[in-house]
Amino acid sequence: MAPSFLTNSGASEALTNANTMSGASVDEIVETEFLIAGAGPAGAALACFLTSYGLKGIMVSAAPGTANTPRAHITNMAALGLDREMLKVACDGEQHMVHTRWCHSMAGEEYARIYSWGNDPRRKGDYERASPCSPVDLPQTLLEPILVRHATWHGFTTRFDTTLLSFVRDEKQRITATVRDNLSRREYQIRTRYLFGADGARSQIVKQLDLPLAVKPGQGLAINVLVRADLSHLVAHRKGNLHWVMQPDRDHPSFGWMAIIRMVKPWDEWMFILFPTRDYDPASANPSKEEYLQRVRQLIGDETPAEILNISKWYINEIVAETYSDGNNVFCLGDAVHRHPPLNGLGSNTCIQDAFNLAWKVAYVHRGIAGAQLLSTYSAERQPVGHGIVTRANQAFRDHQQIWAALGMLGASLEERQRALQELAEPTIAGRERRQTLQKAVAHTAHEFHGLGVEMNQRYEGPGIYDADEADPFALPGRAAEDPVLYYEPNTYPGCRLPHGTALSHYSPVLEVSRGNRRRRA
C-alpha cells in the first residue's frame, strides 16, 4: 500500500515517483530540498512563506489531517498574507470579541466585564494607529486547511499520517530522514538539504537534537469540552468570545472547578475549558460523558440543549528551548520550542512569526543572496521572543488568581466560599474592600486582553541587526516605555517592527505578510 499523500501539480518528479512506490523498500529515498515535520500553524505557515520565494518541498504530519479541535483562535496584527480568504471564515473582532466577562453562569449573574481586543473606546485609536488590520477570531480548525491548501497549490507536497522517526547527517551535511506511513506501517527515507521541526510539544526533532529546555513548574491540567449549544439568547447584548464562569457558592466536581467558555462559532459552538481542582488525579479519575454534560449544563445555567462534540486534555506549560537550532541546517519552531497557555492570544501568532523570520533567511541563503551565517540569527532573534511570550502568557494566567480570590473561589470549604461571595454584595467596609480588590484585578487583565505592546513591541538584537549609530537602540518610545505590555509606539529603530503603512488600509483583517523587522547594514 502506498503512503497517503495530499499532492499538487508542483511536486517534484522524485516525489511523484515515490507516490507510486507500492512494494517499495526502506532503501528507496525521496529527494527534496526542504522537509518540514508538522503541518500545524508553524509548519504550514513556513511552507507558505517558502513558496512565496519560489521554493518547494515536502511537509509531513503524523496527524491524519488538519486540526480536529479549535485550539488556537485569537489572530493578532502580525500574521500572514491570506487575509481575504481567512476573512471569509473568521469572526470579526468588532462584532464577536467585544468583551471578556466573569459570571456565575452564562445565564446567571455577571460579576464583571472588560473590553477586549481593541474594542475599548479608550484604546481603539491605539489599535487603529498601529495597523489598518484588526484582530479576528480564527479557530485552528479553519486556519490550518487554508494554510495547507495554499502551500500545496504553490509547491509543497503534504503527507498526513506520516511520522518522522529519526534523521542522520552525512559529511556533506545532507540530511536523511526516516519516516513511517502510519496507514501501511511502511518506513522509507527522505533526503533533504534543510529539516524544519514544527512537530509540536513532543517534537522528535527537538529530542534528537537534544536542545536544552528551560522548564518551570506547570500550572496544572485543563480539559477542553467542545459543545454545540445555541447561546445566542445569552450573549446577544453582551457579545464576547471569552466568559469565565465561577460558582463559589456551589459544590463542584473535581474535574470542573471553574471554566472558561470560549466562542468557537457564533453563537452555537463553544469550547468549555474546565480547570480541575489541584488534587484531581487524571490517571485514576475518568468522568463519563454524561458527567461532563451535566457540568456543561450547570455552567450554561438554563435549559438550553447542549451536545458534547469532543473532549481532550492539555497541560498549562511554561517551557521554552534555550536555542532553536543546533547551528547547522536543522531548525525548530512553534510549539516544539515554546509551550505556554493560550492567554494573551500569543500561540499560533508566535508560531507564524517564527516561520516568517526563518523562511526569508533560508530563501536568501539558498539563493546565494546571503551567507550561511545569516541562518544563525534565527535563533538569536526568535528565542528571546519565545521566552518573553511564555513568561507573559503564564503571568497572565497567574494574574487571574486575584480575581478568583476576590470571588471566593479559593476557599477551602463550601461555607468559606459562600461567605466570601456573600460579602462581595454586602454594604460593609469588608464588602467594599472585596469589590475594590475585584475591580482592580479585573482592570489588570487589560495586560492580557489589550496587550497590544506584547504583540507589537517585539524587537530583535544580535549580529543581524546593525545599531552602532543609534544613541539608545533599546529604549522603547512614548507610552511603550511606561508599559511595554499594554502600549505600542511605531518606530524605525533597527530590529523593531516596521510600521504598518496605511497603503494597506483596504485590508481589514490581521493576516498580512508585509510586516518585518527593520535591519540596517553598516
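The shown structure was predicted, so the numbers you read here are calculated from the model rather than taken from an experiment.

Points about empty space enclosed by the protein
Empty space left among the atoms is revealed by rolling a probe the size of a water molecule over them.
Thought 1: Taken as a whole and judged by the stated rule, the model has 2 cavities of 30 Å³ or more.
Thought 2: Considering only enclosed or pocket space, the second largest cavity measures out at about 40 Å³ in volume.
Thought 3: Together, Met456, Asn457, Gln458, Leu476, Tyr488, Glu489, Asn491, Cys496 and Arg497 line the second largest cavity.
Thought 4: Class assignment of the residues belonging to the lining of the second largest cavity gives a composition of 4 nonpolar, 3 polar and 2 charged.

A short note on the pairing of strand β18 (residues 269-275)
Thought 1: Among the 7 residues that make up β18, 7 are buried, leaving the element largely enclosed by the rest of the structure.
Thought 2: Of the two faces of β18, both are covered, the one formed by Glu269, Met271, Ile273 and Phe275 as well as the one formed by Trp270, Phe272 and Leu274.
Thought 3: Bridge analysis of strand β15 (residues 221-228) against β18 gives 6 bridges, and the strand direction is antiparallel. Within β18, the residue paired with Arg228 across the bridge is Glu269.
Thought 4: Here strand β17 (residues 258-265) runs beside β18; their pairing, made up of 7 bridges, is antiparallel. Bridging from a neighbouring strand, Met263 pairs with Trp270 of β18.
Thought 5: In textbook terms, the turn of a hairpin is the stretch between consecutive antiparallel strands, and for β17 and β18 this stretch comprises 3 residues.

Some points on helix α10 (residues 347-366)
Thought 1: Helix length check: α10, at 20 residues, gives a terminal C-alpha distance of 29 Å against a target of 28 Å (1.5 Å per residue), a fit within 8%.
Thought 2: The buried fraction of α10 amounts to 17 of the 20 residues, a majority that puts the element mostly inside the structure.

A closer look at the packing of helix α2 (residues 41-52) against α10
Thought 1: At their nearest, the axes of α2 and α10 sit 8 Å apart, and the two run at 35° to each other. For the element pair α2 and α10, the recorded crossing hand is right-handed. Contacts from Pro41, Ala42, Ala45, Leu46, Phe49 and Leu50 of α2 reach α10 at Ser348, Cys351, Ile352, Ala355, Phe356, Leu358, Ala359 and Val362.
Thought 2: For the contact of α2 with α10, the class distribution of residues is 13 nonpolar, 1 polar and no charged.

Thoughts on the sheet that holds strand β5 (residues 91-92)
Thought 1: Taken in spatial order, the 3 strands line up as β4-β8-β5 in an open sheet, and their pairing is antiparallel. Both outer strands of the open sheet, β4 (74-75) and β5, are each paired with one neighbouring strand and no more.
Thought 2: One ladder, built from 2 bridges, connects β4 with strand β8 (residues 136-137); its direction is antiparallel. If you follow Ile74 over to β8, its bridge partner there is Asp137.

A look at the confidence of the model for the protein chain
Thought 1: Summing up the model confidence of the protein chain, the mean pLDDT is 88 and the portion of residues at 70 or higher is 89%.
Thought 2: Low confidence marks residues 1-26, where pLDDT is under 50. Its contacts with residues over four positions away, or in another chain, come to 56 contacts.

Here we look at the environment of Trp404
Thought 1: By secondary structure assignment, the location of Trp404 is in helix α12 (residues 401-407).
Thought 2: In this structure, Trp404 is in contact with Trp244, Met246, Trp257, Met258, Phe397, Met409 and Leu410, ignoring residues within four places of it in sequence.

Some details on the pattern of salt bridges
Thought 1: Taken as a whole, this structure holds 20 salt bridges when the rule is applied.
Thought 2: Residue Arg228 pairs with Glu307 through a salt bridge whose shortest N-O separation is 3.0 Å. Residue Arg228 is located in strand β15, and its partner Glu307 is located in strand β19 (residues 307-315); the two are separated by 79 residues in the primary sequence.
Thought 3: For Glu307, a relative accessible area of 40% translates into the label partly exposed.
Thought 4: Between Glu290 and Arg297 there is a salt bridge, with its nearest N and O atoms 3.6 Å apart.
Thought 5: Exposure remark for Arg297: the relative accessible area of 39% places this residue in the partly exposed category.
Thought 6: Where salt bridges share partners, they join Arg123, Asp126, Arg129, Arg479 and Glu489 into one cluster.

Observations concerning the nonpolar core
Thought 1: With 74 residues, the main nonpolar core has Ile36, Leu46, Leu50, Phe196, Ile205 and Leu333 as its most contacted residues.
Thought 2: Top element by residues in this core is α10. It accounts for 9 residues.
Thought 3: When neighbours within four sequence positions are excluded, Leu46 is seen to be in contact with Ile36, Phe196, Leu333, Ala355, Leu358 and Ala359.
Thought 4: The next biggest cluster of nonpolar side chains, apart from the first, holds 37 residues, and it includes Leu226, Val264, Phe397 and Leu424.

Regarding the sheet that holds strand β9 (residues 156-159)
Thought 1: Overall, parallel pairing links the 5 strands, which are arranged β9-β3-β2-β13-β21 in an open sheet. Only two strands of the sheet have a single partner each, and these edge strands are β9 and β21 (330-332). Strand after strand, the sheet turns through a mean of 15° between neighbouring axes, direction not considered.
Thought 2: Strand direction decides the pairing type here: strand β2 (residues 34-37) and strand β3 (residues 57-60), joined by 3 bridges, are parallel. When the sheet's bridge partners are listed, Leu35 is paired in β3 with Ile58.
Thought 3: Contacts from α2 reach β2, β3, β9 and β13 (194-197) within the one sheet, and its direction differs from that of β2 by about 160°.

Looking at α2
Thought 1: Its 12 residues give α2 an end-to-end C-alpha distance of 16 Å, which sits within 8% of 16 Å, the value for a rise of 1.5 Å per residue.
Thought 2: Looking at the buried residues of α2, the elements they touch are β2, β3, α6 (140-153), β9, β13 and α10.
Thought 3: Immediately beyond the C-terminal end of α2, within one or two residues, lies Gly54, with a positive phi of roughly 80°.

The rules behind the values
Residues numbered from 1 in each chain as written. Predicted model: local features only at pLDDT ≥ 70, side-chain atom pairs only at ≥ 80, totals over all residues. Heavy atoms only, no water. 1 Å grid on protein atoms, 1.4 Å probe; cavity = no way out; pocket = protein on both sides within 12 Å on 5 of 7 lines; lining within 4 Å. Points joined across faces, edges and corners; volume = space filled by probe spheres on them. Nonpolar A, V, L, I, M, F, W, Y, C, P; charged D, E, K, R; others polar. Buried < 20%, exposed > 50% of the residue type's maximum accessible area, 1.4 Å probe, protein only. Helix = DSSP H or I, 4+ residues; strand = E, 2+ residues; numbered from the N terminus. Pairing = 2+ DSSP bridges. Expected span 1.5 Å × (residues − 1). Axes fitted to C-alpha atoms, helices over the stretch in contact; angles between N-to-C directions. Left-handed = near helix turned anticlockwise from the far one by under 90°. Contact = heavy atoms within 4.5 Å. pLDDT = per-residue confidence, 0-100. Salt bridge = Lys/Arg side-chain N within 4 Å of Asp/Glu carboxyl O. Core = buried A, V, L, I, M, F, W, Y, C linked by side-chain atoms within 4.5 Å.

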